[in-house]
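Observations on the model geometry
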Amino acid sequence: AQSVAQPEDQVNVAEGNPLTVKCTYSVSGNPYLFWYVQYPNRGLQFLLKYITGDNLVKGSYGFEAEFNKSQTSFHLKKPSALVSDSALYFCAVRSFSSGSARQLTFGSGTQLTVLP
Amino acid sequence: NAGVTQTPKFQVLKTGQSMTLQCAQDMNHNSMYWYRQDPGMGLRLIYYSASEGTTDKGEVPNGYNVSRLNKREFSLRLESAAPSQTSVYFCASSRGLGGLQETQYFGPGTRLLVL
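An account of the accompanying structure is given in this report. Keep in mind it's a predicted model, so treat the numbers as computed, not measured.

Definitions and cut-offs
- Residues numbered from 1 in each chain as written.
- Chains lettered and ligands numbered in written order.
- Predicted model: local features only at pLDDT ≥ 70, side-chain atom pairs only at ≥ 80, totals over all residues.
- Heavy atoms only, no water.
- Pairing = 2+ DSSP bridges.
- Helix = DSSP H or I, 4+ residues; strand = E, 2+ residues; numbered from the N terminus.
- Contact = heavy atoms within 4.5 Å.
- Buried area = accessible area lost by both parts, 1.4 Å probe.
- Polar contact = N/O pair within 3.5 Å; in protein donor to acceptor, adjacent residues only side chain to side chain.
- Disulfide = S-S within 2.5 Å.
- Buried < 20%, exposed > 50% of the residue type's maximum accessible area, 1.4 Å probe, protein only.
- 1 Å grid on protein atoms, 1.4 Å probe; cavity = no way out; pocket = protein on both sides within 12 Å on 5 of 7 lines; lining within 4 Å.
- Points joined across faces, edges and corners; volume = space filled by probe spheres on them.
- Nonpolar A, V, L, I, M, F, W, Y, C, P; charged D, E, K, R; others polar.

We now examine the pairing of strand 6 (residues 44-50) of chain A. Successive side chains on a regular strand alternate, one facing one side of the sheet and the next facing the other. Residue and element names in this part refer to chain A. As paired strands, strand 5 (residues 31-38) and strand 6 are joined by 6 bridges and run antiparallel to one another. Bridge pairing in strand 6 links Y36 to F46. If you look at the hairpin formed by strand 5 and strand 6, you'll find 5 residues sitting between the two strands, and N41 has a positive phi there, around 60°.

Quick look at the structure:
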């Protein structure tokens, strides 16, 4: 079975400071990893994904994520946070070995608050 | 191009009532999904349709039925609503060409309250 852990329910950061939202995963086989963002009363929006290749993935709105196979992590990062980045962030994983090839497994979400 | 649309946006039901949540996509995607979102639990897959004419159970299918009406539309039905089905329901779609790297695109959600 595959699983995703987002160890922090809440992350607060000051505007202009770097931000990190943590994600660790557990799969059998190679993982495909995704980050989604959800703004209040909206659906999830795709930010970025790791498939293969370069461990540093760049995505929308200046976000990037680093895939670390040895630590089974896929942390989301941004060099300089904006107040408008405040939202709920979800990490998700899918693997070759998942019982249903298209099922995504989501983490519980991390609420990011950027303070002005 | 509206993407994924869902109706209604909000619904209140009494225990035992039935209702159908509607979802449509205009991206010519083959695969469609229904998730529920509960606080602290992320999103959990209820049912999905890999392609027109097929549906399969996800992680939490009990109490729900689905219909893939055509390539564009995928509905979720609650035959006898229970308070435990109070949640936010999201529909999503993807190209469905078999690649595990496919991105799913989400609708705005339906908030359901069962009293």
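Our focus in this paragraph is the interface of chain B and chain A. Where interface size is given, it is often the accessible area lost as the parts come together that is meant. Listed as interface residues are 27 residues of chain B and, on the opposing side, 24 residues of chain A. Regarding the contact of chain B and chain A, the summed buried area is about 1900 Å², with carbon and sulfur atoms giving 55% of it. Linking chain B to chain A there are 5 residue pairs in polar contact (both at pLDDT 80 or more). Of all elements in the fold, only strand 4 (31-37) and strand 5 (43-49) of chain B reach the threshold of two or more residues within the side of chain B that touches chain A. Looking at the side of chain B that touches chain A, the element that brings in the most residues is strand 4 of chain B, giving 4 residues.

To continue, consider the state of the cysteines. Evaluation of the coordinates by the stated rule reveals 2 disulfides over all chains. Across a sulfur-sulfur distance of 2.0 Å, A:C23 and A:C91 are joined as a disulfide pair. The sign of the -65° torsion about the S-S bond sets the A:C23-A:C91 disulfide as left-handed. With a gap of 68 residues between them, A:C23 in the loop between strand 3 (19-21) and strand 4 (24-26) and A:C91 in strand 10 (residues 87-95) connect regions that are remote in the sequence. The class for A:C91 is buried, based on a relative accessible area of 0%. With its sulfur 1.9 Å from that of its partner, B:C23 forms a disulfide with B:C91. On the sign convention where negative means left-handed, the S-S torsion of about -70° between B:C23 and B:C91 marks this disulfide as left-handed.

Its boundaries defined by the atoms lining it, the largest pocket holds a volume of some 500 Å³. For the largest pocket, the lining is made up of 28 residues, of which A:Q38, A:L88, B:Q37, B:V88 and B:R111 are closest to its centre. The set of elements that each furnish at least two residues to the lining of the largest pocket consists of strand 10 and strand 12 (110-115) of chain A together with strand 9 (87-94) and strand 11 (110-114) of chain B. Of the residues in the lining of the largest pocket, the class split is 10 nonpolar, 13 polar and 5 charged.

Any functional reading would require information that these geometric values do not contain.
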